[in-house]
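So you can see what is in the structure, the chains are spelled out below.
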Amino acid sequence: MEDEKCKSESIPLTTIDAGDKQTKVLIGHSYDDALKEAGFGRAQIWMTVLCGFSVMASANESMGMGIILPASQCDLELDMSRKGIISGAVFMGIMVSTYYWGYQTDIRGRKAVLKVTLLAAAGCSFVATFVNQFELLVVLRFLIGLFISAPSSAAIVYLGEFCPANRRGQMIGYACAIGGLGFGYVAVFGWWILSYEWTIVVTESFTIRPWRLLFLVNTLPGFISGLVFCLYPETPKFLLSQGKPEEALNALRWVHKQNKGFRERFGVQKLQYDVKQQEAVENEPEEKTSILKKLWTQISPLTRLPHSIYLIACSIQTATAYITYGGLGVWFPQIMNIVFKSEVTTGTPICSIIQIQPSVNASSVNITSPIEVAAAECNDALPQEVFVYTLVSGLMCGGYMLLSSIILSQLTEKTMIYVNMITAGCAGIGLQYITHSYVVAALFCVQIVAASLCIVLVRSIQVAAFPTQVRATAISLTNLAGRIGLIISNVVTGLLIVQQCTFTLYTIATLLFVSAGLNALLP
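Residues numbered from 1 in each chain as written. Predicted model: local features only at pLDDT ≥ 70, side-chain atom pairs only at ≥ 80, totals over all residues. Heavy atoms only, no water.

- Labelled according to an unreviewed UniProt entry, the protein chain appears under the name Major facilitator superfamily (MFS) profile domain-containing protein, originating from Aedes albopictus.
- According to UniProt, the comment filed for the protein chain under the heading Subcellular location (unreviewed entry) is "Membrane". (UniProt positions renumbered as here; feature names shortened; annotations may be inferred.)

Now the structure itself:
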């Protein structure tokens, strides 16, 4: 017991005379030392699972409609243009609200934003289950996009601030690996639920069929996460930034109790904090300030060096990753469908195969969606290939992220970004010369999955690179850049891949190499 007591009190306290109010006054243990004293174990593991489910909720809501829309087209009388509007509504909501939620995460707290947004998105999905009007469904999907944009960044910040620096990237990688399994999640449950044929007639104009259950199933991880977050503390890092050292200390005691139980006393009695910052928070005037002024006050620190350089580099890297991951990922099933069905695959590069298809040419682009359904007669049955492609992509994405997270215990995030960006770029160039269809499929998967991991790695670097007060805002801004890239790539890739295939693949590869070079600007 004496040894344990000595060990728990081994971190020296730092005290500085507070007489001069013009100087920064630090009292107690540093945050990193206190977090180290709280230990690493069960608390961080459960937080990783919880945050992984939060990231999965975003993936489910964003990509799950790819299965729901073709299955619901007969009941909702959807043509391809209406499907595009419904699918795009959630992305528009995400793009509009990304920065706002980053601002609120830095002002209101990580936990508060996660609870509200996850439960609100689940509520909107529940209502969408019973909607039978196209216009109302578009509104609900937009609202879901407004709320679901927050968890993908706030959850990463939340987890990162509870993990010690040497484990942060690894645990964030595990969380995103769980989130990456969302593609497999929607495929498995979609395959299972849509395999049944039953109908419950409620009224003459409203029936309940299996596809409606997918709204509830897809939102389940987010709903569970929102409830569980009510039982977890706010991050000590955020509480310290708000001048609340006692509440931060209580949160660290909670972590210590989860990791070590009562077998060892928590040796931290005081935490270092900026007394000037606490006084500024306590004495902040009550008068109301315009929301635009508050937003500018929050974002202005990011316009100064070196944070502006970090923000620009991270935004370009994130946008490139989303262009590769989102643009090629969405069109991957359709492209491979063309390749595997082609009669001229032997010795022919992929671009030649795509551009000689009679149904796809420069004047008439018939690839309107990764999931095409005949318009002449309403048929809402989905081919098995849709589920198989989605499931394989999800498993590869999750598995690769899991493997990379294990590797991160030996390598830094920057090194992994170099490796993955260059690997994805080389895979894109290799697509120009490989003629074997299965190798082509493998290269596409490598390029898509390697790029998707870079999104996680860039977020992990941001957790360490930006101050606590603007961290979530910075991550939200880079996510906004990524979402803009995603929306543009979904439209542009589908058009260019059938007209200028070689140019498209080389452009994406070039962007990946440039992003790898920008990595040198990051800390």
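**Considering the overall build of the protein chain**
Now for step 1: Across its full length, the protein chain carries 22 helices and four strands.
Now for step 2: Within the span of the protein chain, comprising 523 residues, buried residues form 54% of the whole.
Now for step 3: Of the roughly 23,000 Å² of accessible surface on the protein chain, a fraction of 63% belongs to carbon and sulfur atoms. (Helix = DSSP H or I, 4+ residues; strand = E, 2+ residues; numbered from the N terminus. Buried < 20%, exposed > 50% of the residue type's maximum accessible area, 1.4 Å probe, protein only. Areas by Shrake-Rupley, 256 points an atom, 1.4 Å probe, with all protein chains shown as cover.)

**Brief notes about a nonpolar patch on the surface**
Now for step 1: A contiguous nonpolar patch, built from Trp191, Val388, Val392 and Met396 and spanning about 290 Å² of accessible area, is present on the exposed surface.
Now for step 2: No other element matches the three residues that helix α18 (residues 384-407) contributes to the nonpolar patch.
Now for step 3: On the basis of relative accessibility, which here comes to 32%, the residue Trp191 falls in the partly exposed class. (Patch = residues over 30% accessible without salt bridge, like charges linked within 9 Å, V, L, I, M, F, W, Y side chains within 5 Å. Salt bridge = Lys/Arg side-chain N within 4 Å of Asp/Glu carboxyl O.)

**Remarks on the packing of helix α3 (residues 42-63) against helix α9 (residues 165-180)**
Now for step 1: In contact at an axis separation of 7 Å, α3 and α9 are set at 40° when each is read in the N-to-C sense. Classed by the angle they form, the pair α3 and α9 counts as oblique. Relative to α9, the crossing made by α3 is right-handed. Residues Gln44, Thr48, Val49, Cys51, Gly52, Phe53, Val55, Met56 and Ala59 of α3 form the contact with α9, whose participating residues are Met171, Tyr174, Ala175, Ile178 and Gly179. (Axes fitted to C-alpha atoms, helices over the stretch in contact; angles between N-to-C directions. Parallel < 35°, antiparallel > 145°, perpendicular 65-115°, else oblique. Left-handed = near helix turned anticlockwise from the far one by under 90°. Contact = heavy atoms within 4.5 Å.)

**Points about the environment of Asn218**
Now for step 1: Among the structural elements, Asn218 can be located in helix α11 (residues 210-229).
Now for step 2: Spatially, the C-alpha atoms of Asn218 and Gly190 are 9.2 Å apart, while their sequence positions differ by 28 residues.
Now for step 3: Each residue touching Asn218, except ones within four places of it in the same chain, is listed here: Asn60, Gly64, Ile68, Tyr185 and Val186.

**Some thoughts on the side chain of Thr129**
Now for step 1: Within the secondary structure, Thr129 sits in the loop between α6 (110-128) and α7 (134-148).
Now for step 2: Ignoring anything within four residues of it in the chain, the contact list for Thr129 reads Arg212, Phe215 and Leu216.

**Re the packing of aromatic side chains**
Now for step 1: Under the counting rule described, the total for this entry stands at 10 aromatic pairs.
Now for step 2: Measuring from ring centre to ring centre gives 5.3 Å for Phe126 and Phe130, while their planes differ by 75°; the resulting arrangement is edge-to-face.
Now for step 3: The exposure class assigned to Phe130 is partly exposed, which follows from its relative accessible area of 44%.
Now for step 4: Geometrically, the ring pair formed by Tyr310 and Phe466 is edge-to-face, given 6.3 Å between the ring centres and 85° between the ring planes. (Phe/Tyr/Trp six-rings, centres within 6.5 Å; stacked < 30°, edge-to-face > 60°.)

**Some remarks on the confidence of the model for the protein chain**
When pLDDT drops low, the exact placement of atoms in the prediction is not to be read closely.
Now for step 1: With 75% of its residues at a pLDDT of 70 or more, the protein chain has an overall mean of 76.
Now for step 2: Counting interchain partners and residues more than four positions distant, the pLDDT-below-50 stretch residues 1-26 has 33 contacts. (pLDDT = per-residue confidence, 0-100.)

**Some thoughts on the environment of Met396**
Now for step 1: The topology assignment puts Met396 in helix α18.
Now for step 2: You can call Met396 partly exposed: its relative accessible area is 32%.
Now for step 3: Along the primary structure Met396 and Phe183 are separated by 213 residues, whereas in three dimensions their C-alpha atoms are 10.0 Å apart.
Now for step 4: Beyond its immediate sequence surroundings of up to four residues, Met396 is in contact with Cys445 and Val449.

**Here we look at the side chain of Ser315**
Now for step 1: Assignment of secondary structure puts Ser315 in helix α16 (residues 307-341).
Now for step 2: Every residue in contact with Ser315, bar those within four places of it in the chain, is listed here: Leu477, Thr478 and Ala481.

**Regarding the nonpolar core**
Side chains of a nonpolar character, in soluble globular proteins, are inclined to be buried together.
Now for step 1: Membership of the largest hydrophobic core comes to 93 residues, with the highest contact counts inside it found for Tyr158, Leu159, Leu271 and Leu302.
Now for step 2: Ranked by residue count, the leading element in this core is helix α20 (residues 437-465), at 14 residues.
Now for step 3: Listed in part, the 24 residues of the second largest apolar core include Ile68, Leu78, Val186 and Ile193. (Core = buried A, V, L, I, M, F, W, Y, C linked by side-chain atoms within 4.5 Å.)

**Observations regarding the pattern of salt bridges**
Now for step 1: All told, the structure shown has four salt bridges when counted by the stated rule.
Now for step 2: Here Arg110 ties to Asp106 by a salt bridge, and the two come within 3.2 Å at their closest N and O atoms.
Now for step 3: Taken together, the shared-partner salt bridges in this structure form one network comprising Asp106, Arg110 and Glu161.

**Topic: the packing of α3 against helix α10 (residues 182-193)**
Now for step 1: Remark: α3 packs on α10, axes separated minimally by 8 Å, with the N-to-C direction vectors making an angle of 55°. Relative to α10, the element α3 lies oblique. Here α3 runs over α10; the crossing is right-handed. Here α3 contributes Met56, Asn60 and Met63 to the contact with α10, which in turn contributes Gly182, Phe183, Tyr185 and Val186.
Now for step 2: In terms of residue class, the contact of α3 with α10 is made up of five nonpolar, two polar and no charged. (Nonpolar A, V, L, I, M, F, W, Y, C, P; charged D, E, K, R; others polar.)

**Quick word on helix α13 (residues 245-260)**
Now for step 1: Here α13 spans 22 Å end to end across 16 residues, near enough to the 22 Å set by a 1.5 Å rise per residue.
Now for step 2: Among the residues of α13, Pro245, Ala248, Leu249, Ala251, Leu252, Val255, His256, Asn259 and Lys260 are the ones counted as buried. End-on, the buried residues of α13 take up no more than an arc of 160°, which puts them together on one face. (Expected span 1.5 Å × (residues − 1). Arc of directions from axis to C-beta.)

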